[in-house]
Amino acid sequence: MVALPLRGGCLCGSVRYEITEPLVSAGYCHCTRCQRRTGTAAAVSARVVPGSLRVAAGEALIRCWQPEGGFAKCYCSTCGGALWSRHPDDPQILSVRLGTLEGDPGIRPSYRQYVAYAAAWEEIPDDGLPRFPEARPH
């Protein structure tokens, strides 16, 4: 069992947050938007129980970019560190970037989505995770 609350923050430490409930699910996203946002072949995120994330410090520094037809990408305006994505219609639906959490988040990625758009320069590992060409069905 993971110790709660989970704690995390941005690269410079100005934004800090806590999550009071265990994470729901986690997975890799190979879409081109995530590639460009992270500068890597995929982003790994975990869905948060609605209402369980609380910003502990730096709330005024959080900015979000809302792409057309996608989740808002929220980040620290000081260091640019990605924090979470937010559903466009329900701000309580968040997926936190696993790399922003301290310690063991108590969950492991269990799927890969948007693999039809995977970076040509990095092969997706043969890790046994289910692969979805587009968004993972819910």
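Residues numbered from 1 in each chain as written. Predicted model: local features only at pLDDT ≥ 70, side-chain atom pairs only at ≥ 80, totals over all residues. Heavy atoms only, no water.

Asks: I tried to follow the overall build of the protein on my own but got confused; where do I start?
Replies: Along the protein, the regular secondary structure elements total one helix and eleven strands. Whereas a compact globule of 138 residues would reach a radius of gyration of roughly 14 Å, the protein reaches 15 Å, a difference of no more than 12%. Overall size of the protein, expressed as C-alpha extent along the three principal axes, is 40 × 35 × 30 Å. The buried share of the protein, taken over its 138 residues, is 39%. Contacts in the protein between residues far apart in sequence, at least 24 positions, make up 50% of those at least 6 positions apart. Taken together, the 15 basic and 13 acidic charged side chains of the protein have centroids lying 4 Å from each other. (Helix = DSSP H or I, 4+ residues; strand = E, 2+ residues; numbered from the N terminus. Rg over C-alpha atoms; globule rule 2.2 N^0.38 Å. Buried < 20%, exposed > 50% of the residue type's maximum accessible area, 1.4 Å probe, protein only. Contact = heavy atoms within 4.5 Å. Lys, Arg positive; Asp, Glu negative; His and termini not counted. Charge placed at Lys NZ, Arg CZ, Asp CG, Glu CD.)

Asks: Can you help me understand the sheet that holds strand β11 (residues 131-132) in this one?
Replies: Two orientations exist for strands paired in a sheet by backbone hydrogen bonds: parallel and antiparallel. Spatially, eight strands are ordered β6-β7-β8-β9-β4-β3-β10-β11 in an open sheet, and the strand pairing comes out mixed. Across the chains shown, the open sheet's two edge strands, defined by having one partner strand only, are β6 (62-65) and β11. Relative to strand β9 (residues 94-97), strand β4 (residues 43-47) is paired through three bridges, and the arrangement is antiparallel. Considered in β9, the bridge of Arg 47 is made with Ser 95. (Pairing = 2+ DSSP bridges.)

Asks: Teacher, can you tell me more about the pattern of salt bridges here?
Replies: Any two side chains of opposite charge can pair, given that their charged atoms come close. Per the counting criterion, the structure on display carries five salt bridges. Among the ionic pairs, Glu 18 bridges to Arg 7, the shortest N-O distance being 3.3 Å. Of the two residues, Glu 18 is situated in strand β2 (residues 16-19) and Arg 7 in strand β1 (residues 6-9); the sequence distance between them amounts to eleven residues. You can call Arg 7 partly exposed: its relative accessible area is 38%. The shortest N-O distance in the salt bridge between Asp 127 and Arg 112 comes to 2.7 Å. On the criterion of sequence distance, the pair formed by Asp 127 in the loop between β10 (112-113) and β11 and Arg 112 in strand β10 is long-range, its members being 15 residues apart. (Salt bridge = Lys/Arg side-chain N within 4 Å of Asp/Glu carboxyl O.)

Asks: What should I look at first to understand the nonpolar core in this one?
Replies: A general tendency of soluble globular proteins is for nonpolar side chains to be buried together. Judged by nonpolar contacts, the single largest core of 21 residues is most densely connected at Tyr 17, Ile 19, Leu 23, Leu 53, Trp 84, Val 96 and Leu 101. The set of elements that each furnish at least two residues to this core consists of β2, β5 (53-57), β7 (72-76), β8 (82-86) and β9. Here Trp 84 is in contact with Tyr 17, Leu 53, Val 55, Ile 62, Ala 72, Lys 73, Cys 74, Leu 94, Ser 95, Val 96 and Arg 97, once residues within four sequence places are set aside. (Core = buried A, V, L, I, M, F, W, Y, C linked by side-chain atoms within 4.5 Å.)

Asks: Got a minute to help me understand the sheet that holds β2 in this structure?
Replies: Spatially, β1-β2-β5 is the arrangement adopted by the three strands of the open sheet, whose pairing is antiparallel. Only two strands of the sheet have a single neighbouring strand rather than two, namely β1 and β5. Neighbour-to-neighbour, the strand axes of this sheet turn through a mean angle of 25 degrees, independent of strand direction. Pairing analysis gives four bridges linking β1 to β2, with the strands arranged antiparallel. Across the sheet, the residue bridging to Leu 6 is Ile 19, located in β2. (Axes fitted to C-alpha atoms, helices over the stretch in contact; angles between N-to-C directions.)

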